[in-house]
Amino acid sequence: MVGNTLTDSMKAHLTVDMEGIAGIAHEDQTEAKDADFARARKLMTDEVRAAIEGAKAGGAKEVVVCDAHDTGRNILFEELDSDVVVIEGTPYDLGMMAGISEEFDASFQIGYHAMRDTHAGTIGHTYTYAFAKLRLNGVLLGESGLSAAIAGHFGVPVVMVSGDLHAVKQAQALMPKIVGVPTKEGIGLYGVKTLNPRKACEDIRSGAEEAMRRVGEMKPYVVDAPVTMEVDFTRTIMAQRCAQMPMVERTDDKSVKYQAKDVVDAFRVFDAMSMICSAARGEGLL
Ligand SMILES: [Zn+2]
């Protein structure tokens, strides 16, 4: 079904990041090579399970989870209900929103963090190290806003965001009706005042149930087409490299602009910019 009309076959999509999970204070906890990674992925899995329980209690009959952090190989999916579908690894399209389509009724953002350069947001960043700022039609967006815009393209409303309080506030500034579940408060780039993980899971479970029940009130975050995408990079060479793409215009030393036909078109070019910057780093140029 399309949109957010209540039916008895509601489908929920969960996009899950790691930097906004309760207890995570530093990116050195969040990659497979890190000593703390086994613990971090367990904390992430527990929050996902709590969100699924809540979404199902609120009426979701089908749940698809997109493991949206780093390599996409973090969630211990054997610990989730057997009917939950998990998108694992690095899908070629739609990034953190892989799997979303018009068939879904609700989008949940779990473990989300603030955008780059947010006052006191823990591990605040926007997609990768390469990006300083992203604007769609003049509106500054972090990962939450970008994921919401992709969901909105398919007519799907975000119903809940959990994670860093700063991320929750940024999401609510765009989508005032969503259920916000802060599981911690960033008090510095690598500082956090966090809930106990068990309490975070309780809050996520009850928040997800409420969010699913209220899906009829939620509106998709729609970015009107055509979409003007403006990107500020962290290094000049990134703008040089990315402006080699046809239709991408250099607007300043570290900035480019792209006129997209819609949000998905904008995202694909943004994602390609991310890969160009990673490749340039691989060549030792950045
Ligand atoms: Zn992230």
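Basis of the calculations
- Residues numbered from 1 in each chain as written.
- Predicted model: local features only at pLDDT ≥ 70, side-chain atom pairs only at ≥ 80, totals over all residues.
- Heavy atoms only, no water.
- Pairing = 2+ DSSP bridges.
- Helix = DSSP H or I, 4+ residues; strand = E, 2+ residues; numbered from the N terminus.
- Axes fitted to C-alpha atoms, helices over the stretch in contact; angles between N-to-C directions.
- Phe/Tyr/Trp six-rings, centres within 6.5 Å; stacked < 30°, edge-to-face > 60°.
- Buried < 20%, exposed > 50% of the residue type's maximum accessible area, 1.4 Å probe, protein only.
- Lys NZ or Arg CZ within 6 Å of the ring centre and 35° of its normal.
- Parallel < 35°, antiparallel > 145°, perpendicular 65-115°, else oblique.
- Contact = heavy atoms within 4.5 Å.
- Nonpolar A, V, L, I, M, F, W, Y, C, P; charged D, E, K, R; others polar.
- 1 Å grid on protein atoms, 1.4 Å probe; cavity = no way out; pocket = protein on both sides within 12 Å on 5 of 7 lines; lining within 4 Å.
- Points joined across faces, edges and corners; volume = space filled by probe spheres on them.
- Domains from an automatic or database assignment.
- Expected span 1.5 Å × (residues − 1).
- Polar contact = N/O pair within 3.5 Å; in protein donor to acceptor, adjacent residues only side chain to side chain.
- Buried area = accessible area lost by both parts, 1.4 Å probe.
- Salt bridge = Lys/Arg side-chain N within 4 Å of Asp/Glu carboxyl O.

K.L.:
How would you summarise the sheet that holds strand S2 (residues 60–67) if you had to cite specific residues and measurements?
P.N.:
Pairing is mixed across the open sheet formed by 7 strands, whose spatial order is S3-S2-S1-S4-S7-S8-S9. In this open sheet, the two edge strands, each paired with only one partner strand, are strand S3 (85–87) and strand S9 (191–194). Across the sheet, the mean angle separating the axes of adjacent strands is 20° when strand polarity is ignored. With 4 bridges joining them, strand S4 (residues 106–112) and strand S7 (residues 158–164) adopt parallel strand pairing.

K.L.:
Can you explain the packing of aromatic side chains? Please cite residues and give values.
P.N.:
Counted under the stated rule, the structure contains 5 aromatic pairs. Centre to centre, the rings of Tyr 127 and Phe 267 are 5.9 Å apart; their planes meet at 85°, and the pair counts as edge-to-face. Here the residue Tyr 127 occupies a position in the loop between S4 and strand S5 (131–136), and Phe 267 occupies one in helix H6 (residues 263–282), the gap between them amounting to 140 residues. Given a relative accessible area of 2%, Phe 267 falls into the buried group. Here the guanidinium or amino end of Lys 11 rests over the ring plane of Phe 104, the centre of that ring lying 4.8 Å away.

K.L.:
Could you give an account of the packing of helix H2 (residues 143–153) against H6, with specific residues and numbers?
P.N.:
Orientation of H2 relative to H6, taken along the N-to-C sense of each, is 140°, at an axis distance of 9 Å. Relative to H6, H2 is oriented oblique. Along the contact surface, H2 presents Leu 146, Ala 149, Ile 150 and His 153, while H6 presents Val 263, Val 264, Phe 267 and Phe 270. Here the contact of H2 with H6 is built from residues that sort into 7 nonpolar, 1 polar and no charged.

K.L.:
Could you give me a rundown of the layout of surface pockets, with the residues and numbers involved?
P.N.:
Reported here for the largest pocket is a volume of approximately 1100 Å³. What lines the largest pocket is a set of 39 residues, among which Asp 70, His 125, Tyr 127, Thr 128 and Tyr 129 lie closest to the centre. Mapped onto the lining of the largest pocket, the elements with two or more residues apiece are S2 and H6. Ranked by the residues each element gives to the lining of the largest pocket, the list is headed by H6, at 5 residues. Along the lines of polarity and charge, the residues of the lining of the largest pocket split into 12 nonpolar, 15 polar and 12 charged. Taken domain by domain, the makeup of the lining of the largest pocket includes at least three residues from each of domain 1 (10–126 + 143–217) and domain 2 (227–282).

K.L.:
Just give me the short version of H6, but keep the residues and values in it.
P.N.:
Look at H6: 28 Å from first C-alpha to last across 20 residues, which is about the 28 Å you get at 1.5 Å a residue. Where H6 is buried, its residues contact S5, H2, strand S10 (227–233), helix H5 (236–242), strand S11 (248–252) and strand S12 (255–260). The residue sitting at the N-terminus of H6 and contributing the capping side-chain oxygen is Asp 262; that oxygen lies 3.2 Å from the backbone nitrogen of Val 264. Trailing H6 by a residue or two, Gly 284 shows a phi angle of about 80°, which is positive.

K.L.:
Mind laying out the domain arrangement of the protein, listing which residues take part and the relevant values?
P.N.:
By the assigned domains, the protein splits into domain 1 (10–126 + 143–217) and domain 2 (227–282). On a C-alpha basis, the centres of domain 1 and domain 2 stand 26 Å from each other. For the pairing of domain 1 and domain 2, the buried interface totals around 750 Å² over both sides, and the portion due to carbon and sulfur atoms is 74%. Its largest share of buried area at the contact with domain 2, domain 1 owes to Asp 93, Leu 146 and His 153, together 46% of the area lost on that side. Connecting domain 1 to domain 2 are 1 salt bridge. For the pair domain 1 and domain 2, the interface holds 1 residue pair in polar contact (both at pLDDT 80 or more).

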